[in-house]
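As a plain string of letters, each chain reads:
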Amino acid sequence: MKTVLTIAGSDCSGGAGVQADLKTMAAHGVFGMSVIVSVVAENTARVIDIQDISPRMIEEQIDAVFEDIQVDAVKVGMLSTPACMEAVAQKLNQYKPAHVVIDPVMYAKNGCPLMQEDAIDTLIRTVVPLATLLTPNIPEAEKIAGMAIRSVEDMQQAARKIAAMGAKAVLVKGGHATGDAQDILFDGTTFHSYTKKRIQTKNTHGTGCTLSSAIASYLALGESLESAVEKAKDYVTHAIEDALDIGKGYGPTNHFFAFHKA
């Protein structure tokens, strides 16, 4: 069985973070493992508090996995502080996994910040260059690239700028735009476009976590980058179509839609 490691924050309400990652991996038939970098007290409506795990404990969790188990792909999600980023980057540089999908999580679905404002420079310097694929949404891409994004052409320009920072490939997600949900992949040479009809629902908690975990799972299973992105976008679209009306805010997607309907 192929294996995927998620390095991310924990969402106690189960819709995003490590919990969403592990559900996605299970749905794709890969063995999911986790390194928790932050414990987030959140639900579908708000983030109440965040407690960061010490850099030493983050490093030791990563060591515990890599010294014992072959890791076919890594997904990196929420990294809230510069110290956390440095710890993760050091270990990924040490173990050099074949595939590293990085979702540069900056905000929860309800808009609450999940990354310290002063951590973005560290993200660009230490984390972005490790990415086989970086998957920012439009607000995250704007922050990293230092530009406004108002069109597909802007998405392409931002992807080029981020790739120049060291990421091998960049997927700028169009979920925050209007019209159809169009994502733009820049593989370092060529642009690829992935478009799905936008689903009218508020229940999209954890979609970024789910997409990046699905891409990592497909890469672990041997798919090419372009195929992994296409299949992962199809998966997350179905998960949103069958989203769960749980909680008072932004409900979660249904990671197991293929097994049972909401």
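Bear in mind the structure is a predicted one, so any value in this text is a computation, not a measurement.

1. What to know about the pairing of strand β8 (residues 181–186)
Okay, so step 1: The buried fraction of β8 is high, at 5 of 6 residues.
Okay, so step 2: With 3 bridges connecting them, strand β7 (residues 170–172) and β8 associate as antiparallel partners. Paired with Val172 across the two strands is Ile184, which belongs to β8.
Okay, so step 3: Here 6 bridges tie β8 to strand β9 (residues 191–196), and the two strands are oriented antiparallel to one another. From the neighbouring strand, Asp183 faces β9, where its bridge partner is Tyr194.

2. Describing the nonpolar core
Okay, so step 1: Within the largest apolar cluster, 47 residues are counted, with the highest numbers of intra-cluster contacts made by Leu5 and Ile7.
Okay, so step 2: When residues in this core are grouped by element, the largest group, 6 residues, is from helix α3 (residues 82–95).
Okay, so step 3: Here Leu5 is in contact with Met25, Met33, Ser34, Val35, Val65, Phe66, Val71, Ala73, Val74 and Lys75, once residues within four sequence places are set aside.
Okay, so step 4: Counting residues in each nonpolar core, the second largest holds 26 residues, with Leu133, Tyr218, Ala228 and Ala239 among its members.

3. Focus on the pairing of strand β1 (residues 3–11)
Okay, so step 1: By the criterion of burial, β1 is predominantly enclosed, with 9 of the 9 residues buried.
Okay, so step 2: One ladder, built from 9 bridges, connects β1 with strand β2 (residues 31–42); its direction is parallel. Bridge pairing links Ala8 to Ile36 in β2.
Okay, so step 3: On the question of chirality, the crossover connecting β1 to the parallel β2 by way of helix α1 (residues 17–27) is right-handed.
Okay, so step 4: With 4 bridges joining them, β1 and strand β4 (residues 73–76) adopt parallel strand pairing.

4. Here we look at the packing of aromatic side chains
Okay, so step 1: This structure, assessed with the given rule, holds 4 aromatic pairs.
Okay, so step 2: Ring geometry for Tyr235 against Phe257: centres 5.4 Å apart, planes inclined by 40 degrees, an arrangement best described as tilted. One end of the pair, Tyr235, is in helix α8 (residues 225–241); the other, Phe257, is in the segment after α8, with 22 residues separating them in the sequence. When sorted by exposure, Tyr235 lands in the same class as Phe257, which is buried.

5. A closer look at the environment of Gln19
Okay, so step 1: Of note, Gln19 is situated in helix α1.
Okay, so step 2: Among the residues examined, Gln19 registers a relative accessible area of 24% and is labelled partly exposed.
Okay, so step 3: Residues Gln19 and Phe259 lie 240 residues apart in sequence; the distance between their C-alpha atoms is 18 Å.
Okay, so step 4: Filtering out sequence-adjacent residues up to four positions away, Gln19 remains in contact with Ser10, Asp11, Cys12 and Gly14.

Conventions used here
Along every chain, residues carry numbers that run from 1 in the direction the sequence is written. With pLDDT at 70 or above as the cut-off, local features in this predicted model cover only qualifying residues; side-chain atom pairs require 80 or more to be listed or tallied, and sums for whole chains, interfaces and linings still use all residues. Side-chain measures here rest on the full set of heavy atoms in the structure, leaving out hydrogens and waters. Residue burial is assigned from relative accessible area. The probe radius is 1.4 Å, only protein chains are included, and a residue is buried under 20% of its type maximum, exposed over 50%, and partly exposed in between. Helix and strand labels come from DSSP, where a helix needs a run of H or I of at least four residues and a strand needs a run of E of at least two; each type is numbered from the N terminus. The criterion for strand pairing is that DSSP finds at least two bridges linking the strands in question. Think of a nonpolar core as a cluster: buried Ala, Val, Leu, Ile, Met, Phe, Trp, Tyr and Cys residues, connected wherever their side-chain atoms sit within 4.5 Å. Contacts: residue pairs with any heavy atoms within 4.5 Å of one another. With the strands aimed away from the viewer, a crossover counts as right-handed if its path from the first strand over the helix to the second runs clockwise. Pairing of aromatic side chains requires ring centres within 6.5 Å, counting the rings of Phe and Tyr and the six-membered ring of Trp. Pairs whose planes differ by under 30 degrees are stacked, by over 60 edge-to-face, and all others tilted.

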